[in-house]
Amino acid sequence: MIRLDSVAKTYRTRRGDLVEALAETTLAVGENEFVTLVGPSGCGKSTLLKLVAGLVAPTHGSIHVREQAVREPFPDVGFVFQQPVLLPWRNVLDNVLFSAEMLGLDSRHYRKQAGDLLELTGLAGFETKYPRELSGGMQQRVAICRALLPDPGLLLMDEPFGALDALTREEMSLELLRIWEERRKTILFVTHSIPEAILLADRVVVMSARPGRIVRVITVDLPRPRTMDLEFDVRFKAHSDEVRGLIFAGRRERA
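The text that follows walks through the structure, step by step, so that each part is easy to find. Every value quoted in this text rests on a predicted model; they were computed, and no experiment measured them.

Counting its regular elements, the chain contains 7 helices and 10 strands. Computed over C-alpha atoms, the radius of gyration of the chain comes to 18 Å, within 12% of the 18 Å expected from 2.2 N^0.38 for 255 residues, which places it in the range of a compact globule. Its C-alpha atoms give the chain principal-axis dimensions of about 55 × 45 × 35 Å. Each of the 255 residues in the chain was classed as buried or not, and the buried ones make up 49%. Contacts in the chain between residues at least 24 apart in sequence constitute 69% of all its contacts with a sequence separation of at least 6. Surface accessibility of the chain: about 12,400 Å² in total, with carbon and sulfur atoms responsible for 51%. Both charge centroids of the chain, one from 34 positive and one from 34 negative side chains, sit 5 Å from each other.

So, in C-alpha cells, the structure goes:
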C-alpha cells in the first residue's frame, strides 16, 4: 500500500537555517495493515505522515501509494489530526459531510454513509448537535467519521487521542480498533504512547531522535480482537520493554 524509498526531509527555517527532520527512511506498509509510529518528540513522525499524504515534498527519495508516485495531495487518503478541527458553525452531520464537499463531491449523495458512520461510532442521535455541545472524545469521533466518509483506502492519524484524558483515550483506542476490524483500512498512526502503539498495531515502527530514522520495526504477536486486558500479557510487556529500551537507549547515546 505504501512504499518509502530512502525518503529524507530537510526544512529551511525563516532565518535560512537548514533543519534535517527526517533522515533517509525506507519503509513498506501492506494493504489493510495497522502500523504505529513511536519515538521522541521532534523525531519526524508527523513529517513522515505529511510526506505520505503529499502535503509536503521529500528532499530526497520517493514515495508510492498503490504503486503511484506521491507528488501532491490525492483523494484516497483520510487525515485525522490531534485536534478534531471541527467547524463550530456546522452541526455534527454537516461537519462529517464537509470532507465530501472538499473533494468536490455532492454531499447529498453521502448523507446515508455519514449517518451509518455516526451510528458505527456511537453518535447516532447527535447529528444536529454542534461541536461545543460534545465532549472531546465525541468531537474526535466526528473527525474520524469525516476522514472515513469518502471511503479512503489509507487513513493517516497524527496523535489523534493525544489531547484526551486517559480514560477517554483508552475508550477511543478500542473504538478505533473496532472500526478498523469492520472497515479494514490501511492505517499509519503516530503516537507518543508506547502502550497505545502496541495495543493498536500489527507492527510498531520505532524512530530515533531528530533527524528521525527507523531504529527497529517490531511485529506485535498479540491476538485480535484486542482489549485493554492485553496489557497484562507477558508478550505485551516484552514489546513495551523493547520499545522503551530502544527509545531511551537513543537518548542516553545523545547525552
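Here the narrative resumes.
What follows is about the side chain of Arg203. Structurally, Arg203 is set in strand β9 (residues 203-207). Engagement of the side chain of Arg203 in a polar contact is seen with the side chain of Glu33, the distance being 2.5 Å. Beyond its immediate stretch of four places on either side in the chain, Arg203 contacts Ala28, Val29, Glu33, Phe34, Val35, Thr36, Val217, Ile218, Thr219 and Val220.

This part is about empty space enclosed by the protein. Taken as a whole and assessed by the stated rule, the structure comprises 1 cavity of 30 Å³ or more. Of the voids in this model, the largest cavity is the one considered here, and its volume is about 30 Å³. The wall of the largest cavity is formed by Leu148, Leu155, Leu176, Ile179, Trp180, Arg183, Lys185 and Ile187. In terms of residues, the lining of the largest cavity owes the most to one element, helix α5 (residues 166-183), which gives 4 residues.

With that settled, consider the environment of Gln82. Along the chain, Gln82 turns up in the loop between β6 (77-80) and α2 (92-102). Judged by relative accessible area, Gln82 falls into the partly exposed class, the value being 32%. Once residues within four sequence positions are removed from consideration, Gln82 is found in contact with Gln140, Asp158, Glu159, Pro160, Gly162 and Ala163.

On to the pattern of salt bridges, then. In the structure shown here, the tally under the stated rule is 18 salt bridges. Between Arg169 and Glu196 there is a salt bridge; the shortest N-O distance is 3.0 Å. Within this pair, whereas Arg169 is found in helix α5, its partner Glu196 is found in helix α6 (residues 194-200), the two being separated by 27 residues in sequence. Under the relative-accessibility criterion, Glu196 is labelled buried at 5%.

Rules used in this analysis
- Residues numbered from 1 in each chain as written.
- Predicted model: local features only at pLDDT ≥ 70, side-chain atom pairs only at ≥ 80, totals over all residues.
- Heavy atoms only, no water.
- Helix = DSSP H or I, 4+ residues; strand = E, 2+ residues; numbered from the N terminus.
- Rg over C-alpha atoms; globule rule 2.2 N^0.38 Å.
- Buried < 20%, exposed > 50% of the residue type's maximum accessible area, 1.4 Å probe, protein only.
- Contact = heavy atoms within 4.5 Å.
- Areas by Shrake-Rupley, 256 points an atom, 1.4 Å probe, with all protein chains shown as cover.
- Lys, Arg positive; Asp, Glu negative; His and termini not counted.
- Charge placed at Lys NZ, Arg CZ, Asp CG, Glu CD.
- Polar contact = N/O pair within 3.5 Å; in protein donor to acceptor, adjacent residues only side chain to side chain.
- 1 Å grid on protein atoms, 1.4 Å probe; cavity = no way out; pocket = protein on both sides within 12 Å on 5 of 7 lines; lining within 4 Å.
- Points joined across faces, edges and corners; volume = space filled by probe spheres on them.
- Salt bridge = Lys/Arg side-chain N within 4 Å of Asp/Glu carboxyl O.

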